[in-house]
Amino acid sequence: MKITAVEAAVLVWPPMDPPFWMSLLPVNRPHELVVRVQTDEGITGIGHSDQAGSIFRIGAHGEPRLANAARIIPDVIEPLLASEDPLEVEWHWQRIFGLTYRHHWNAEGWSRSSMLSALAAVDMALWDIRAKAAGLPVYQLLGGTDPKVPMYVAGGYYREGKGIDELVAECRQYREHGYSALKVRIGGMSLDEDVERVRAIRDAVGPDMKLMLDANEAYDSEMAIRASELYRDSDIYWFEEPVAWYEGNAGMKRVADAIDIPVAGGEQAATHWEAEEMARTAGISFMEFDCMRTGGPTEWLRVSEACKRLGVEMAPHHGAHIHAHLVSAASNGAIIEAFPDPAMYSSEDQLEHVRWDRKRELFSNHPEVRDGFMWLSEEPGWGIELDEDVMGRLEVTE
Ligand SMILES: [Mg+2]
């Protein structure tokens, strides 16, 4: 089999309205780099990356325009892969990764993170081809047997005018819709206010729901240790990114050693080297490496292997429909992160503002979410198909 084309599309959604917040940052404008790898045997591999920095910019009239890095696929990666065997996935990964420390790439002025995002999408597309050629879903190709992957819902974001009543109503709905694990934000308000929010959520969802906290690096280590004492009686399953960026793995370790809530992190790790270093030195119990932001499934599998040796479980950030395959197949795969399905909530709902998983509309098929699990299909590959109408509506072409 030979690669005949590597096509890229940059998609940009309208701005969030109203905007909503993680602990420290507003949620940015949704965008996606979509890659299709065509072959001479009629198999098409699909990949996409959801944190593809600097591939678009906003023009003078608020319209999205392509930025320099949008040229990575047609100018560099397609010529590299043309006429190559798509099944040599690791070899292609090495060749593309190698561009991040070569002259040519630097000469274009593209960021390293742009290259790693493009690599993520291309690598994902090659895994799609590999699994389709074998006639298996990716999780089965990797040795997995369980199509049912535990999932938590990410919610409880900050928004102007959203008080405890609205927050509690939101979290109750998740429980009513069958979710059995929920992650909410902390660190965006005073500690007293956040503790009150978390206690109200625990009271609302009852004792059986797993409850995780994500501070998005809003505390220093001393405050994170003090905060965990106050959150403790809310029965917290994990405490995610408890420590500000500047304290690094040593700060995380200080917190992990001092508290009895498991610590999670790693969604920002750029490579398997960085993720392994964190797993080895930061005292984390859950690794959240995101293969759709950087590196692709090939890199995720390396992270997973390293974490297995270190006794750390895999709980990848975002990209549930892809990470579900990897978590299903990994013996240390724990849980995936999902966002509420917009189709389940009315526009009057308090959940309107969390509809940022609007990227779901990109696919004409999506794995079923039921009873707190994602149910993978028997479709070969990742089991996803692009909705061409949506692609046409959102693609930025100049
Ligand atoms: Mg997080």
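Residues numbered from 1 in each chain as written. Predicted model: local features only at pLDDT ≥ 70, side-chain atom pairs only at ≥ 80, totals over all residues.

Let's talk about the overall build of the protein
Helix and strand counts for the protein come out as 13 helices and 16 strands. Here the C-alpha radius of gyration of the protein, 21 Å, is about what a compact globule of 398 residues would show, namely 21 Å. Out of the 398 residues belonging to the protein, those deemed buried represent 46%. The long-range fraction of contacts in the protein, counting pairs at least 24 apart against all pairs at least 6 apart in sequence, stands at 71%. (Helix = DSSP H or I, 4+ residues; strand = E, 2+ residues; numbered from the N terminus. Rg over C-alpha atoms; globule rule 2.2 N^0.38 Å. Buried ≥ 20, exposed ≤ 12 C-beta atoms within 10 Å, placed from the backbone. Contact = placed C-beta atoms within 7 Å.)

A few points about the packing of helix α4 (residues 112-134) against helix α11 (residues 296-310)
Packing of α4 against α11 leaves a shortest axis separation of 5 Å and a crossing angle of 90°. The angle between α4 and α11 places the two elements in the roughly perpendicular class. Touching Leu119, Ala120, Asp123, Met124 and Trp127 of α4 are Gly296, Pro297 and Thr298, all from α11. (Axes fitted to C-alpha atoms, helices over the stretch in contact; angles between N-to-C directions. Parallel < 35°, antiparallel > 145°, perpendicular 65-115°, else oblique.)

Observations concerning α4
Between the first and last C-alpha of α4 there are 33 Å, a value that for 23 residues agrees with the 33 Å anticipated at 1.5 Å per step. Extensive coverage of α4 is indicated by the burial of 19 of its 23 residues. Once α4 finishes, Gly135 follows within two positions and takes phi at roughly 70°, a positive value. (Expected span 1.5 Å × (residues − 1).)

Considerations on the nonpolar core
Core analysis: the largest hydrophobic core is formed by 109 residues, its most contacted members being Val122, Ile284 and Met287. Here this core gets 13 residues from one element, more than from any other, and that element is α4. Both domain 1 (3-136 + 387-396) and domain 2 (140-375) contribute no fewer than three residues apiece to this core. (Core = buried A, V, L, I, M, F, W, Y, C linked by C-beta atoms within 7 Å. Domains from an automatic or database assignment.)

Structural notes on the environment of Ile259
As for its placement among the helices and strands, Ile259 is situated in the loop between α9 (248-258) and β10 (263-265). The exposure class assigned to Ile259 is buried, which follows from the 21 C-beta atoms found within 10 Å. With near-sequence residues (within four places) excluded, Ile259 lies in contact with Ile225 and Ser228.

Some remarks on the pairing of strand β7 (residues 181-185)
Most of β7 is tucked away, with four of its five residues classed as buried. As judged from the two bridges shared by strand β6 (residues 148-154) and β7, these two strands associate in the parallel manner. In the sheet register, Ala154 faces β7, and the bridge partner there is Lys183. Note that β7 and strand β8 (residues 210-214) share five bridges and pair parallel. Counted as the bridge partner of Ala181 is Lys210 from β8. For the crossover that starts at β7, traverses helix α7 (residues 191-205) and ends in the parallel β8, the hand is right-handed. (Pairing = 2+ DSSP bridges. Right-handed = clockwise from strand over helix to strand, strands pointing away.)

Describing the domain arrangement of the protein
As far as domains go, the protein holds domain 1 (3-136 + 387-396) and domain 2 (140-375). With centres defined by C-alpha atoms, the gap from domain 1 to domain 2 works out at 25 Å. Counting residues at the interface gives 32 residues for domain 1 and 32 residues for domain 2. Secondary structure elements with two or more residues in the side of domain 1 that touches domain 2: β3 (44-49), α2 (89-98) and α4. The residue makeup of the side of domain 1 that touches domain 2, split by class, is 20 nonpolar, six polar and six charged. (Nonpolar A, V, L, I, M, F, W, Y, C, P; charged D, E, K, R; others polar.)

Some details on helix α12 (residues 320-329)
Of all ten residues making up α12, ten are buried, and the element is well covered by its neighbours. Restricting attention to buried positions, one finds in α12 the residues Ala320, His321, Ile322, His323, Ala324, His325, Leu326, Val327, Ser328 and Ala329.

Comments concerning the sheet that holds strand β2 (residues 31-39)
Across the sheet, four strands lie side by side as β3-β2-β1-β16; this open sheet has antiparallel pairing. Edge strands, defined here as strands with exactly one partner in the open sheet, are β3 and β16 (395-396). Of the strand pairs in this sheet, strand β1 (residues 3-12) and β16 are connected by two bridges, and their pairing is antiparallel. Bridged to Leu11 within β16 is Glu395. Sitting on the sheet, helix α1 (residues 72-81) is in contact with β1 and β2, with an inclination near 155° to β1.

Concerning the packing of α2 against α4
Running from amino to carboxyl end, α2 crosses α4 at an angle of 170°, the nearest separation of the two axes being 10 Å. Accordingly, the angle class assigned to the pair α2 and α4 is roughly antiparallel. Residue-level contacts link Val89, His92, Trp93, Ile96 and Phe97 of α2 to Leu119, Val122, Asp123, Leu126, Trp127 and Arg130 of α4. Looking at the contact of α2 with α4, its residues break down into eight nonpolar, one polar and two charged.

Overview of unusual backbone geometry
Phi is positive for His318, which is not a glycine, with a value near 55°. One non-glycine residue, Asp371, lies in the positive phi region at around 55°. On the basis of neighbour count, Asp371 is assigned to the exposed category, with 12 C-beta atoms found within 10 Å.

Observations concerning the environment of Val6
With respect to the helices, strands and loops of the structure, Val6 is situated in strand β1. Look at Val6 and you get buried, because 25 C-beta atoms sit within 10 Å. When the C-alpha positions of Val6 and His366 are compared, they lie 24 Å apart, and in sequence the two are 360 residues distant. Excluding anything up to four places from it in sequence, Val6 contacts Val35, Val37, Ile73, Ile77, Glu78, Leu81 and Val122.

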